[in-house]
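A structural walkthrough
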Amino acid sequence: VGELDLSLLDEESIEIAGDLEQPLGDVVDAAIVLMQSGERDSWVARAKMLLAEAPDTTEPAARASALLVISELFAMAGEDQPAEAAAREALELAPSSPLAHRQLRGIYANRREWEQLGDALTTEANVAPSPIAKAHSAYFGAEVLRLALSDLEGAGARLDKAQRAV
């Protein structure tokens, strides 16, 4: 995604876009892009429709997969609460799913909820499917602890875990 051209937005969208934080530097929030293109409401409607038609809990794997898609649609539309609820339910249904852990940690990172992010990265490292993925989650967790929470001891422990993973 390129830079956001605010001249293409109407006044209300500019005000909304200005209120949204850009926690990851120059990255443009997907919700802004969806608002700019006039697609945000249709994405929310699509996520709600998919949620209504998602498999029930008698098919936990299928429901968890559907909930991850639904969570991502909500998250991209800037709807953090339903995105988190869908990701949490997916994680309850499929606790060993690396994607469910990754979805939830993405929500925490976007909201700058550092303690929850650190916890999510710990559990993500435990269920990651490969040594490299385990190391990545542990290292990312170490950096969250070091930079955002000033927990050097915890960061050191996570770095040790990252080294042991590979």
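Source: prediction; values computed, not measured.

Count 3.6 residues to each turn of an α-helix, and residues three or four apart come out pointing the same way. Here helix α5 (residues 80-93) is 14 residues long and its end C-alpha atoms lie 20 Å apart, about the 20 Å a rise of 1.5 Å per residue gives. Taken as a whole, α5 has its buried residues at D80, A83, E84, A86, A87, A90 and L91. In an axial view of α5, the angular spread of the buried residues amounts to 165 degrees, which keeps them on one side of the axis. Residues of α5 that are exposed and point more than 90 degrees away from the buried face comprise Q81 and E92. Buried positions along α5 lie against α4 (60-76) and α6 (98-111).

So, on to the side chain of S97. Summarising the element assignment, S97 is placed in the loop between α5 and α6. Side-chain polar atoms of S97 contact the backbone nitrogen of A100, separated by 3.1 Å. S97 has contacts with L68 and V127, leaving out every residue within four places of it along the chain.

Looking now at the side chain of E124. Mapped onto the secondary structure, E124 falls in helix α7 (residues 114-127). Of the residues examined, E124 reaches a relative accessible area of 0% and is grouped as buried.

The next subject is the pattern of salt bridges. In the structure shown here, the tally under the stated rule is nine salt bridges. We note a salt bridge from R40 to D41, for which the minimum N-O separation is 3.2 Å. Given a relative accessible area of 58%, D41 falls into the exposed group. Exposure remark for R40: the relative accessible area of 18% places this residue in the buried category.

Locating L91 in the fold gives a position in helix α5. Between the C-alpha atom of L91 and that of L104, which follows or precedes it by 13 residues, the distance is 8.5 Å. Ignoring sequence-local partners within four residues, the contact set of L91 consists of A100, H101 and L104.

Reading guide: rules and limits
Residues numbered from 1 in each chain as written. Predicted model: local features only at pLDDT ≥ 70, side-chain atom pairs only at ≥ 80, totals over all residues. Heavy atoms only, no water. Helix = DSSP H or I, 4+ residues; strand = E, 2+ residues; numbered from the N terminus. Expected span 1.5 Å × (residues − 1). Buried < 20%, exposed > 50% of the residue type's maximum accessible area, 1.4 Å probe, protein only. Arc of directions from axis to C-beta. Contact = heavy atoms within 4.5 Å. Polar contact = N/O pair within 3.5 Å; in protein donor to acceptor, adjacent residues only side chain to side chain. Salt bridge = Lys/Arg side-chain N within 4 Å of Asp/Glu carboxyl O.

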